[in-house]
Amino acid sequence: MTKQEIKEKILKFKTDEEIINFIKQRILELEKETKEKTIGQGYTAISNDYISSKIHYKPVASLNGKDSPNLLYDDMTPYVELIKELSNDKSYLNELYLFTPLMFEIFNYMSCKESKDNIGDTLIERSLLYFKAMSNGIENISIREFHKNKYAFCSENSGLAQNIFKILGIDSQLIIGARNDEPHAYNLIFPRGYGNLPAVLFDSSYTIDFINDESKHFSFGYFKVLNDQEYNNLMSGNVTPIDISSSAQTLLKYYPQLSGLCPMYENAKYSIGSSELTKEVQSNAKV
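The structure displayed is predicted, hence computed values, not measured ones.

Account for the overall build of the protein, naming residues and giving values.
The helix and strand inventory of the protein stands at 10 helices and 12 strands. The globule rule puts the C-alpha radius of gyration for 287 residues at 19 Å, and the 18 Å found for the protein is close to it. For the C-alpha atoms alone, the extent of the protein along its principal axes is close to 55 × 45 × 40 Å. Expressed as a percentage of the 287 residues in the protein, the buried residues total 51%. Contacts in the protein between residues at least 24 apart in sequence constitute 66% of all its contacts with a sequence separation of at least 6. With an accessible surface of roughly 13,400 Å², the protein has 48% of that area assigned to carbon and sulfur atoms.

Which residues make up the packing of helix α3 (residues 77-86) against helix α4 (residues 99-110), and what values do they have?
The description of two helices packed together rests on the angle between their axes and the distance between the axes. The N-to-C vectors of α3 and α4 enclose an angle of 145°; their axes lie 10 Å apart at closest approach. Taken as a pair, α3 and α4 cross one another with a handedness that is right-handed. Taking contact as the criterion, the partners of T77, P78, E81, L82, E85 and L86 in α3 are, on α4, P101, L102, E105 and Y109. Of the residues belonging to the contact of α3 with α4, the class tally is 6 nonpolar, 1 polar and 3 charged.

Which residues make up the pattern of salt bridges, and what values do they have?
All told, the structure shown has 12 salt bridges when counted by the stated rule. For D16, the salt bridge is made with K84, and the minimal N-O distance between the two is 3.8 Å. One end of the pair, D16, is in helix α2 (residues 16-33); the other, K84, is in helix α3, with 68 residues separating them in the sequence. According to the relative accessible area criterion, K84 is partly exposed, its value standing at 28%. Here R26 ties to E29 by a salt bridge, and the two come within 2.6 Å at their closest N and O atoms. Placement of the pair is R26 and E29 together in helix α2, with a separation of 3 residues, close to one helical turn. Relative accessible area serves as the criterion here: at 4%, R26 is assigned to the buried category.

I'd love a proper account of α4, names of residues and values included.
Counted at 1.5 Å a residue, the expected span for α4 with its 12 residues is 16 Å, and the 17 Å between its end C-alpha atoms agrees. By the criterion of burial, α4 is predominantly enclosed, with 10 of the 12 residues buried. When α4 is considered as a whole, its buried residues turn out to be F99, T100, P101, L102, M103, E105, I106, F107, Y109 and M110. In this structure, the buried side of α4 is in contact with α3, α6 (143-149), α7 (154-167), β7 (182-189), β8 (200-211) and β9 (217-225).

Kindly report on the packing of aromatic side chains, identifying the contributing residues and their values.
Applying the stated criterion to the full structure yields 14 aromatic pairs. Relative to F146, the ring of Y130 lies with its centre 5.9 Å away and its plane at 40°, an arrangement referred to as tilted. Taken together, the residues span a long stretch of sequence, with Y130 in helix α5 (residues 119-135) and F146 in helix α6 at a distance of 16 residues. Classification of F146 by relative accessible area gives buried; the value is 0%.

A description of the environment of K166 should follow, citing residues and the corresponding values.
Mapped onto the secondary structure, K166 falls in helix α7. A relative accessible area of 13% places K166 in the buried class. Considering only alpha carbons, one finds K166 and K3, 163 residues apart in sequence, at a separation of 9.3 Å. Not counting chain neighbours up to four residues away, the residues in contact with K166 comprise R26, L30, N48, D49, Y50, S172 and Y194.

Rules used throughout
Residues numbered from 1 in each chain as written. Predicted model: local features only at pLDDT ≥ 70, side-chain atom pairs only at ≥ 80, totals over all residues. Heavy atoms only, no water. Helix = DSSP H or I, 4+ residues; strand = E, 2+ residues; numbered from the N terminus. Rg over C-alpha atoms; globule rule 2.2 N^0.38 Å. Buried < 20%, exposed > 50% of the residue type's maximum accessible area, 1.4 Å probe, protein only. Contact = heavy atoms within 4.5 Å. Areas by Shrake-Rupley, 256 points an atom, 1.4 Å probe, with all protein chains shown as cover. Axes fitted to C-alpha atoms, helices over the stretch in contact; angles between N-to-C directions. Left-handed = near helix turned anticlockwise from the far one by under 90°. Nonpolar A, V, L, I, M, F, W, Y, C, P; charged D, E, K, R; others polar. Salt bridge = Lys/Arg side-chain N within 4 Å of Asp/Glu carboxyl O. Expected span 1.5 Å × (residues − 1). Phe/Tyr/Trp six-rings, centres within 6.5 Å; stacked < 30°, edge-to-face > 60°.

Below, the structure is given as structure tokens:
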């Protein structure tokens with residue numbers, strides 16, 4: 001099923017049952033396309049795959065010789081809730097309008113916004129969850145655990161984003177790399193299909209905000225349409241500064257209600273993989 005066919009189908013949905021049946025169908029299709037493999041921290045820099053039941057996704061690095069448990073995306077709830085929203089909004093035909101509802105769905109379902117005041121406590125609780133699983137030989141952790149406790153960080157967030165992009169027929173990659181020299185996971189999407197520029201960096205753990213002195217506050221998905229130099233630099237395994245100002249200006253153009261508000265965002269340096277994975281990064285550069 002093509003991206004356009006999926007869009008047309010979603011915009012015609014009238015009931016939750018139609019949405020659930022569609023998601024089940026897409027999951028079956030995507031399951032058939034994947035082969036058993038291990039991805040994630042210490043294993044891959046780039047993955048194009050839907051994280052199916054055949055994919056062993058390691059969201060954290062091994063510890064004391066013990067592998068991270070596999071993270072299972074075994075709850076359809078975030079897929080259903082997002083598609084319910086998209087089915088009522090024809091602007092979804094433009095990918096720009098997808099980033100914000102996707103970001104909110106990920107935050108609402110399972111994550112801690114990474115600028116949150118209690119980020120340290122949340123990170124400790126998340127680390128303990130994985131440590132206990134490794135210590136007790138637990139092989140799998142469900143995203144329902146993160147939904148219940150709101151422990152999710154970049155690895156869990158970007159994995160969920162990857163699956164949503166794939167369900168929607170959008171060519172995307174789950175990237176294991178770094179942000180400001182700290183291990184980080186994010187996504188690249190290809191609106192014109194794999195192998196065609198531009199690529200768009202989407203980081204589901206951050207936001208672009210607009211505020212004013214009257215306490216008006218609007219948050220949007222964090223994205224950047226990469227120019228050729230930025231994309232090629234990333235694919236060469238280099239640390240690449242990403243300036244979000246052009247994304248803020250695009251949002252001001254598409255959302256007139258933001259006029260007069262001050263954009264607030266964090267520019268950052270992104271990279272793909274580690275020194276051990278540089279060859280994989282370069283071999284995955286399609287353009």
